Each structure stands twice: as structure tokens, then as C-alpha cells.
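# Structural features, examined
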Amino acid sequence: MADDYLVRIGKLIRDARQHRGWTQTQLAEALGTSQSAVNRIERGNQNISLEMIARIGEALDSEIVSLGYAGPMHLRVVGGRRLSGSIDVKTSKNACVALLCASLLNKGRTVLRRVARIEEVYRLLEVLNSIGVRTRWINDGVDLEIVPPAELNMAAIDAEAAVRTRSIIMFLGPLLHRMDHFKLPYAGGCDLGTRTIEPHMIALRRFGLDVAATEGQYHAMVDRAVRPDRPIVLTERGDTVTENALLAAARHDGVTVIRNASSNYMVQDLCFFLETLGVRVEGIGTTTLTVHGVPNIDVDIDYSPSEDPVEAMSLLAAAVVTESELTVCRVPIEFLEIELAVLEEMGLDHDRTPEYFADNGRTRLVDLTVRPSKLEAPIDKIHPMPFPGLNIDNVPFFAAIAAVASGKTLIHDWVYDNRAIYLTDLNRLGGRLQLLDPHRVLVEGPTRWRAAEMMCPPALRPAVVVLLAMMAAEGTSVLRNVYVINRGYEDLAERLNSIGAQIEIFRDI
């Protein structure tokens, strides 16, 4: 291999390591080698095999390093094992991506504590870095520091990273305060059917934003003469729609009333964050928010997003499906009370500790212990509703839970066009799920799970549901191309292994 290629590969490895927030010593420990060897590799002074490149790519979870050398990440699951012990819930994926977008409101330094190290966050960081925002992992890679430039370079935006996340849509709210016209690539993310941005535009037009979608881009123009002169009524009580309206209102010079607002967990975390920026928000936790905007925000702040109720539900479902006793710590109970009430109706044996506060000082947490239970199908159908109803993202986990319960359960996933279809992938693992239409699936249990090899569904939560069923199935299963899981979960396989699962990460060389 020519020396110039060694130097180029070394630079890619160094950049990927720094992006992850690791030292050379940390990477050396993950590879089982020495710090001096890593130093030689990064300087291009050591021959390196394709196998070592693949190992480095796996250790850093970096597509940059693995591109062209190692294929997509897969999971090999040895099922039929019981989980035990305790596991902490990580910080909220959806809150973290909203706060990354919200950091564009601030001219000062923003530090976010315990940010989720997931692909969705990495993609947003790539977009932010491409337009001039300086970001770095600090405190041993646990926390994230964000420093914006005086002027954003939107012409240099990383379109490839942007189209791999739907969160890019939440750049509209902050950017309309920073420039009169700009372009954004179309929002991407999970394959969940057609999702219109019109509800966003109904809110943002009131701040003078007009968007034309052509040639794979949103062309945005801002009319500074337009100001919201009456309450903004959202046509859907969506989370990202509410967040975009909040981001627009935060730097509006005046008072903005937002009605039919989502009061879900990520919206509340965004409101708490805005308050640290000096923006007063009344009505947090309700469907009417009153925002007292601050036209110029230039403060150095430090904020800790709360834990993720959907990850908490994932871990609870893992315990239920594998018939295990498991303690899930730092559960944001306010956002799981309906789910637990349904599970209690089904016969779940569990208990919880007294409540305590998350690091943001506002969100209520508990530790939940789940025990093996004889579950019965619920009398009523499982269906999501805006908070405080059953969380939309938690609906898929009830497919796996219903599959181990006695009787038939109707799941009505009315929000997304395609997601219920992906739940029928459980049939490959021994499930008995009947698709009634694109939104309704009938689940019959109990299930005798069996091992299988299959491709990962292209939607995040159904993908995790398939993984949980594989953990319950006797024998060895393979789940191929799990990038979508890495979009929303940090080190999920390793963390499940820490409580008794047996999951191996591998790639095609």
C-alpha cells in the first residue's frame, strides 16, 4: 500500500477518533493494542490490514473509516437467555436532536450534558460542522460543546448527512432569525410513509417564512414585516411541529401564544432549555404555550437533557419478552404512566421507587423493577394518542409484548402509513400477526419464538422490536444492516449484553 494512502487513511482514523471524543489511548484499549501503535497508524507510518481498518471502524462506529472496506453493521443474537441486574436509561434522543437545533438560537457557548451518542446526533453534528458551527466532545466524550460562528455558511451544508435525518426540518425555526433566505435539503429519516411539512409551515408562515420545495431542496425566504398578531393554532399536535414553532417564537421580539401544542417529553425539555437561554415560557406541560421572546441571545449555558421514555419502554419490553427480572433505572415516569397502566391491566408484576428529579431539576424519575409475569391480552385496542396518551413511539413494543400474552390484541398505529406493516416481520420469528390494513395489526399469543436471519426493518422502533424477539428465541438469529437502530440507540447491543444478553456485532469484510 503506497505511503500516501497510509497517510490519508491515518487522517480519516484520527478525524473519526476525535469526532467520537476519544484519546489515542482509549482507541488503543478498544483495539487491544498500544497507544504508540495508534499514533503510528494515524501518522501513516504503519502498514494496516483491511481487518484492522474494519476493527477501527467498528470501535469508532464510523462510516468514514469503514467505507469501502467493511460492510454494514449486523447483529448475531444468541437467544433464550434471561436478563438480570439493572440498567440506566440514557438521555432522550428526541430531546438531544431538538437541543442541537436550538443551539443555533444562541450566539454564545452551549454545553449539553450526557448527549446521546447515536447516528442521528452524528448526522446533525456533521450538518452543523459543515455550516461553520464548532462542536467538540468534552469531559471524556460524555458532554458536547457547541460554539456557533458569527455567520453561518449555508452554501457549504452537508446535504448527504442532512437527508439522512428528519431533524433537519427543525433548522427552519432558528434560521429564519439569522438570514433572509436559505436552502435546506429535504428531510429524510425513517421510512414511515409520506409526512408533510405543511403543519410546520402553517406555524412558521406567521413569522414571515415562506418555503418552496424544488429540486430536492427547501428554498426559504423570510419577510421581516410579517409577525404573529394572534395566537398560532397548530393543525396537528405534533412534537417537531411544536418544537419548530417554539424555536421561531424564542427570538421573536414579542409574545407568541401557541395553541394545540404538544406537551410531550422532548417539547418540555426544549422549553426548559429555552428558559436557560432567558426565554420565558408559560404553560409547560399543557397544550397552550406562551413564549416571551428574546431577539438577541448571547449567553454561555450548560444544560442536562432528561432521560428517554422510549428507551425505557424498550428495556421494559426486553424484560417482558425474555421473561426476565430486571431493574430499569432513571425512568421518566410522567411519560410512561399510560403504558404501565396498560401493562398492569395485562398482568405485569412490577414495582417502582419513590420519585426523584433528573439532572435538569424538572423531570420526575423512578427506578422500575419488572418480574416474569403471566400476561393476558388487553380488552381494549392498543393505540397512540398525543401526550398524555400512550406514546406514538412506544406502540411497536406492544406488538412484541402482545405476542407473549395469551389472547388476541388489536394494535392500531394510525399515525404512520407503513409502520404496522413492518411489525409483521415478527412472523419470521414465530409470531402470529395478521395485517388488517396499513394501520392495524392483530397479534395472537402466546408465541413460541424461533431463530431466523433477516434484514433490519427500515424503521427504528420496529427494528428494535425484531431484536427483542430474537433475544427471546432459542438458537442463533442474525439481524442484518442495523444502521437504523444506531440512529436512535447508543451502544444498545453492548448494554443489553451487560444485563445478560448475548449479541455479537459483526460486519461483512
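A few points on the structure. (Residues numbered from 1 in each chain as written. Predicted model: local features only at pLDDT ≥ 70, side-chain atom pairs only at ≥ 80, totals over all residues. Heavy atoms only, no water.)

### What to know about the packing of helix H6 (residues 93-102) against helix H7 (residues 119-130)
Heads up, the rule is: To get an axis, fit a line to the C-alpha atoms, keeping to the stretch in contact for a helix; angles then go from 0 to 180 degrees between the N-to-C directions. For the purposes of this entry, the term helix denotes a DSSP run of H or I that reaches at least four residues, the term strand denotes a run of E that reaches at least two, and both are numbered from the N terminus. Here the word oblique covers every angle except those under 35 degrees (roughly parallel), over 145 (roughly antiparallel) and from 65 to 115 (roughly perpendicular). Here a residue-residue contact requires only that any non-hydrogen atoms of the pair lie within 4.5 Å. Under the grouping applied here, Gly and all other residues not named as nonpolar or charged are polar, the nonpolar ones being Ala, Val, Leu, Ile, Met, Phe, Trp, Tyr, Cys and Pro and the charged ones Asp, Glu, Lys and Arg.
Running from N to C, H6 and H7 cross one another at 5 degrees; their axes reach a closest spacing of 10 Å. Here H6 lies roughly parallel to H7, going by the angle between them. Between H6, through Lys 93, Cys 96, Val 97, Leu 100 and Cys 101, and H7, the contact on the second element is made entirely by Glu 120, Val 121, Leu 124, Leu 125 and Leu 128. Its residues assigned to classes, the contact of H6 with H7 comprises eight nonpolar, no polar and two charged.

### Remarks on a nonpolar patch on the surface
Where we set the bar: A residue counts toward a patch only above 30% relative accessible area and without a salt bridge, and it is joined to like-charged neighbours within 9 Å or, for Val, Leu, Ile, Met, Phe, Trp and Tyr, to nonpolar neighbours within 5 Å. The accessible surface values rely on the Shrake-Rupley method and a 1.4 Å probe; as for residues, cover is taken only from the protein chains in view. Salt bridges are counted wherever a side-chain nitrogen of Lys or Arg sits within 4 Å of a carboxyl oxygen of Asp or Glu. A 1.4 Å probe rolled over the protein chains alone gives each residue an accessible area, and that area as a share of the maximum for its type sets the label: buried under 20%, exposed over 50%, partly exposed in between.
A contiguous nonpolar surface patch, about 250 Å² in accessible area, is contributed by Met 385, Trp 414 and Val 415. If you trace the backbone, Val 415 turns up in the loop between strand E18 (407-412) and helix H16 (419-423). Since its relative accessible area comes to 30%, Val 415 is described here as partly exposed.

### Some thoughts on the pairing of strand E20 (residues 440-445)
The condition that has to hold: Being paired, for any two strands, means DSSP has found at least two bridges between them.
Of the two faces of E20, only one is covered, namely that formed by Val 441, Val 443 and Gly 445; the face formed by Arg 440, Leu 442 and Glu 444 stays uncovered. Direction of pairing for E18 relative to E20: antiparallel, over a ladder of six bridges. Within E20, the residue paired with Lys 408 across the bridge is Glu 444. Two strands pair when backbone bridges link them, and strand E19 (residues 432-437) and E20 are joined in this way by five bridges, in the antiparallel orientation.

### A short note on the pattern of salt bridges
For the coordinates displayed, the defined rule picks out 32 salt bridges. In this structure, Glu 323 and Arg 82 form a salt bridge, with 3.5 Å as the shortest nitrogen-oxygen distance. Placement of the pair is Glu 323 in the loop between helix H13 (309-321) and strand E14 (326-332) and Arg 82 in the loop between strand E1 (73-79) and strand E2 (86-88), with a sequence separation of 241 residues. Arg 82 sits in the partly exposed class, given a relative accessible area of 49%. Asp 359 is the partner of Arg 114 in a salt bridge, and the nearest nitrogen-oxygen pair spans 3.4 Å. Pair noted here: Arg 114 is in the loop between strand E3 (110-112) and H7 and Asp 359 is in the loop between strand E16 (356-357) and strand E17 (364-371), with a separation of 245 residues, a long-range link. What makes Asp 359 partly exposed here is its relative accessible area of 49%. The network of salt bridges with common partners includes Arg 114, Glu 307, Arg 330 and Asp 359.

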